[in-house]
Structure formats: C-alpha cells, structure tokens
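In case you want the letters, here they are:
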Amino acid sequence: MNRASNNAGPPGLPPPEAANAETRLKGHIGHLTPEEESAFEDFKKLCAKEGFYTPQTANGKASHDDGTLIRYLRARKFNPREAYIQFKDTEIWRKENELDALYENIDIREYQALRQFYPQWTGRRDKRGIPIYVYEIGKLDHKKITAYASATSKSKTKSPGLRLFALYENLTRFVMPLCSSVPGRRNPETPVDQSNNIVDISKVGLKQFWNLRSHMQEASTLATAHYPEILDRIFVIGAPSFFPVVWGWVKKWFDPITTSKIFILAQHDILPTLSSFIEIKDIPKKYGGKLDYEYGKMPNLDPDIRQHLSIEPIRDAETFFLTSPIRWIDAGESGEDGEMTALSVGTLDGDRRKERVAVLHALATRVATHSSNFRSQRTETPTLPSRPATSNGQPAPQNAPVPNGQAAPQNGSVSKGQAAPQSGAAFLGQAPPQSHPIPNGHITPQSRPTSIQPAPNTDLSAASLHDQPVPGSGPLQHPLANGGPPISKPQNISMPPPPTDMERTKTDFYTPPSDPSELKYLQ
C-alpha cells in the first residue's frame, strides 16, 4: 500500500527516493547547503554565547560534537533560535537529573533487565552504516513491566523513571560512535547520528496495546524532547486490522518530522522495502533476510566491526561489551592507525566499574571539505596494509621492535617482573585466560586477541531484576550460537581519489572524557 494521502490515517510505504544516499544525507554533516551551514554556525555561536556550548580550542575539544548539535538543528528545520531553545532545555534537564552520573552508576542487572522492554541493537548496520534496532512488541508483558517498575522503585539509583535513558545514552555514547568509526564505511565524512528501527507488532491484540500505551508513550515523548532526530526510519511490521485505531494514539507521541519517518509494511512489502535500505545479510531471517538474530538475545556483531576490534582477555568481556553501559575514550594517535577504547561502566553489587573491555583499531578517517556547497562527495576509504600471519593464522601486529626483541606494550610500560593492573580479573575474581598470556605482567599486542571471541547465547528476555545471573558465572560461559569470529583478511578497497579541496582528518564524532587522568588510570 502507498503512503496515505490523508494525514489522519496510518502511513504506508516510503517513497522510492527515500533509500537514495543523496536523499538520506541531506541535512547531515558534510552535506549541508550553504544556508544550512550558515544556520549551523549561527546555532553554535548562540549556544556558546549563552554558555551551553564550548567550542574547540587549541587547549581542548568542544563540549559537544557536531553530530549531536546538528540533530537539534534538523529537528527544528534549521531554525537556530528554535534549535537553541530545545538544546538549552535538554542541557538543563540533563544537569538537573544528573544524566551523566545515571549512566556511569546504573546497576548492571537493572540495565540488562531494562533492555528487554525496549528496542535492541542487532549488531548490524544498514547500507549507510546506521545501526539497526529491532523491537518486538508481542514479547512485552504488562505484568513484567509493572513488576520491574515496582522492584526498581526501591533502587538506590536516583530518578528510577529515568533509567530508560540509559539505553538512549548507550545509543549515543556507544553504538553511534562505534558505527561512525568503523574503517571502510560509506560516507566517512558524515557521523552516524541516527538509528533504523524494525518494530514488530504481529500477534499483538488491542488490549495489549492499550495496556502498553503508557510505557511506549513515555519512551516516545521524552525521547522526542531530549534525543531529537535519532530515528532515520521506523518500519512497522505485522500491523493488525485495528491498527488505524492505535495510530490515532501513536501519532500524538511524536512530532510531525518523526511521524513522517514511520512506515507500515504489508507482508508482501517487508523484504523488498527493508532490502532497499539494508543488505540481505543484515536483515533477520524472521523478516526474509539471512541474519541469525533473535530479539532478546546477544547482538550478532557485524564482521566488518569484528575484524577491527580487540576484546580484552578477561572473562565475559564480550558480554559486557554488548549488553552493559559502554562509552568510548580516545586511546590512540591521530590518523588511520588511531584507536579508541571501550569502557564498561555502571555498578555491580554496589561497586562502581570502569573496565576496559575492547579496543577499536584503525579508526575511520573522515573527509573534511573547505567548502559548504552541497554536492555529491567522493570519499576516501583507508586501505589496511596486509600483515604477515602468525603461527595461529591471525595477522601479526605491527609493532616497532624494542632492544630486547619483545614488542613494545600498547598501554604504558611495565618493568620486567612487575605485575600489571588486572582491572578485569580483579573485578571478576579470575585471572585472564591462559590462552592469552601476559608477558612480563603486561598485555601486549601479541597477547591481545585480534578478533572478538564468541560470547554466550544468553536469553536476556527471560531475565528479571532478581534472577539475572552475575556476569562471570552460570549461562554466561556457554558458546554463542550467533557465530564466532570471522577470518580476518586485509581490506584492499579501491576508491576514487578525493577532490583537491578536501583533506583527511582523524574521526572526531564523539567527545572523550575531559579528565586526562582517566586514560592514565586505565594504563
């Protein structure tokens, strides 16, 4: 069916041009018109003048990245004054509710239990590099939601009603920066600042919709106010015959821009429509694709991400990486050999965590243009050099030799015989696995796994606040059914050369911590 001409009715299929790259990139960094570029500069100046934004200087980074700021401007149709009002209100709201502290201190068990009630990342990206989320409404149980709310009301975490935003923070602090920084992605000049959502409402009765309306309305309205423009598309699947009644409620929860991104797909339109935005290999099998993924299980991480990712040799590191609060810090040098480190934060049994669980290597570089003219931009993708294989078949790390013939440590230095800080092992009460030895008491590039390792096939949808297993025990040790690590191969991608008025700079799509002692602490 086609998009309804009557705005009161539910929307239909997206227009044919919606999947076009040029259409999808309009209003995004690197693809602004001169007028939009001017509005963006006016917006940043206004925010800085009023004390809500600090521009980048020679002594430090900007307080907010461009990918975040441009979302507010797009949401307000590039009206700087209106965008400033929404941005100001959000900054005040974040400060009053201590959102940064909420994310850093949320209980891990509460966070994992919370995931089962909201959209979940599949671990994959669409053709533009945007993360794909799935939300199966039929698996929501009103009684479970009520029981969860009752249990968490006794939590020590401030503002229990705000826990939902730990998931939005995970999207903006973890998933979006990860997708932005993966080498080889299309349009590296444009930060990933949105998500694609498949919302499955099949087998959901009118009574269940009615019981869940407050739950979904809370998530929708507050996200629209404080996380604008994080949705690229919402594909609704399995709509029942009474959905026009439900649509009468739902459309009031979103602003007009967001409702224009919602599309209702009939059964015969599901695969043709999804495949115009998403590669078949990244569409879950349930919807006609080839991806082994089930809602409530671990994300099936993109092989293109896996081959550039190293998981720390501590127990359950991948489980923490994919299902706990994560944020990134800058841990490398500039250029394509740079790195950024994933920190698992939150609390467990009252103890605060700040644990390094993974490192993303060879960050994507973006193409910065000196002209704001809107045009089709050619981008340069870094070609990763071929590395000689080691005895176990993994690519050998490129490290400068040191006098004693050993590889230089990546993070700080530890004298021979001295024990390195065992942040993960100390937390989990177990030494790092013997399969990843630690020469001289320090994790070196040789001892660091070069690809993410299999994780448990934990059914998080069945978990509750009280029966969620402690990471590092029980079913978390079982193999992951969603596939093990892929074979790492050199990426030799031939791309057209960039125009002469462009230059490559290090990806800067996120804001690392302002406290330089944090990285020193981790080393």
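Structure: above.
Here goes a summary of the coordinates provided. Residue positions are given per chain, counted from 1 along the sequence in the order it is written. A pLDDT threshold of at least 70 governs which residues receive local features in this predicted model, and a stricter bar of 80 or more applies before side-chain atom pairs are shown or counted, although totals over entire chains, interfaces and linings include all residues. Only heavy atoms go into the side-chain values, all of them from the structure, while hydrogens and water stay out.

Some remarks on the environment of Ile230
Secondary structure follows DSSP: runs of H or I at least 4 residues long count as helices, runs of E at least 2 residues long count as strands, and numbering of each begins at the N terminus. As for its placement among the helices and strands, Ile230 is situated in the loop between helix 9 (206-226) and strand 4 (231-237). You can call Ile230 buried: its relative accessible area is 6%. The spacing of Ile230 and Thr258 is 28 residues in sequence and 9.4 Å in space, taken between C-alpha atoms. Only heavy atoms matter for contacts: two residues are in contact if any of them lie within 4.5 Å across the pair. Other than its neighbours up to four places away in sequence, Ile230 contacts Arg71, Tyr168, Leu171, Met176, Asp193, Gln194 and Ser195. Each residue is placed in one exposure class: buried if its accessible area under a 1.4 Å probe, protein chains only, is under 20% of its type's maximum, exposed if it is over 50%, and partly exposed if it falls in between.

What about the sheet that holds strand 2 (residues 131-136)?
Two strands qualify as a pair provided that DSSP identifies no fewer than 2 bridges between them. The strand order across the open sheet formed by 5 strands is 1-2-3-4-5, and the pairing between neighbours is mixed. A strand with exactly one partner marks an edge of an open sheet, and here the two such strands are strand 1 (120-125) and strand 5 (262-265). On average, each strand axis in the sheet is tilted by 25° relative to the strand beside it, whichever way the strands run. Sheet topology places strand 1 next to strand 2; 3 bridges connect them, and they run antiparallel. Paired with Gln120 across the two strands is Val134, which belongs to strand 2. The convention used is that axes are lines fitted to C-alpha atoms, helices contributing only their stretch in contact, and that angles between N-to-C directions extend from 0 to 180 degrees. Along the sheet, helix 12 (residues 270-277) makes contact with strand 3 (195-200), strand 4 and strand 5, crossing strand 4 at roughly 165°.

A look at the side chain of Lys261
For Lys261, the position within the fold is in the loop between helix 11 (256-259) and strand 5. At a separation of 2.7 Å, a polar atom in the side chain of Lys261 contacts the side chain of Glu229. Pairs of N or O atoms are called polar contacts if they sit within 3.5 Å, as long as, within protein, a hydrogen donor faces a hydrogen acceptor (for residues adjacent in sequence, only side-chain-to-side-chain pairs). Of the polar contacts made by the side chain of Lys261, one reaches the backbone oxygen of Leu231; its length is 2.8 Å.

A short note on the pairing of strand 1
Of all the 6 residues making up strand 1, 6 are buried; the element is thus mostly covered by neighbouring parts of the structure. Where strand 1 hands over to strand 2, the hairpin turn is made up of 5 residues, of which Gly129 adopts a positive phi near 95°.

Some points on the pairing of strand 9 (residues 351-361)
Buried residues dominate strand 9, accounting for 8 of its 11 residues. Sheet topology note: the strand 6 (residues 309-311)/strand 9 ladder contains 3 bridges and is antiparallel. By the bridge assignment, Leu309 is partnered in strand 9 with Leu360. Across 10 bridges, strand 8 (residues 339-348) lies against strand 9 in antiparallel orientation. Bridging from a neighbouring strand, Thr347 pairs with Arg352 of strand 9. The hairpin formed by strand 8 and strand 9 contains 2 residues between the paired strands, and Asp349 there has a positive phi angle of roughly 55°.

Quick notes on the sheet that holds strand 8
Within a sheet, adjacent strands bond to each other through the backbone by hydrogen bonds, running parallel or antiparallel. Spatially, 6-9-8-7 is the arrangement adopted by the 4 strands of the open sheet, whose pairing is antiparallel. Unpaired on one side and paired on the other, strand 6 and strand 7 (326-330) mark the two borders of the sheet. Neighbouring strand axes in the sheet, compared pairwise and without regard to direction, differ in orientation by 35° on average. Where strand 7 and strand 8 come together, 5 bridges link them in antiparallel fashion. Bridging across to strand 8, Arg327 finds its partner in Leu343. Sitting on the sheet, helix 6 (residues 108-115) touches strand 8 and strand 9, and the angle it makes with strand 8 is about 100°. Helix-sheet contacts for helix 8 (residues 164-181) involve strand 7, strand 8 and strand 9, and the interaxial angle to strand 7 is about 50°.

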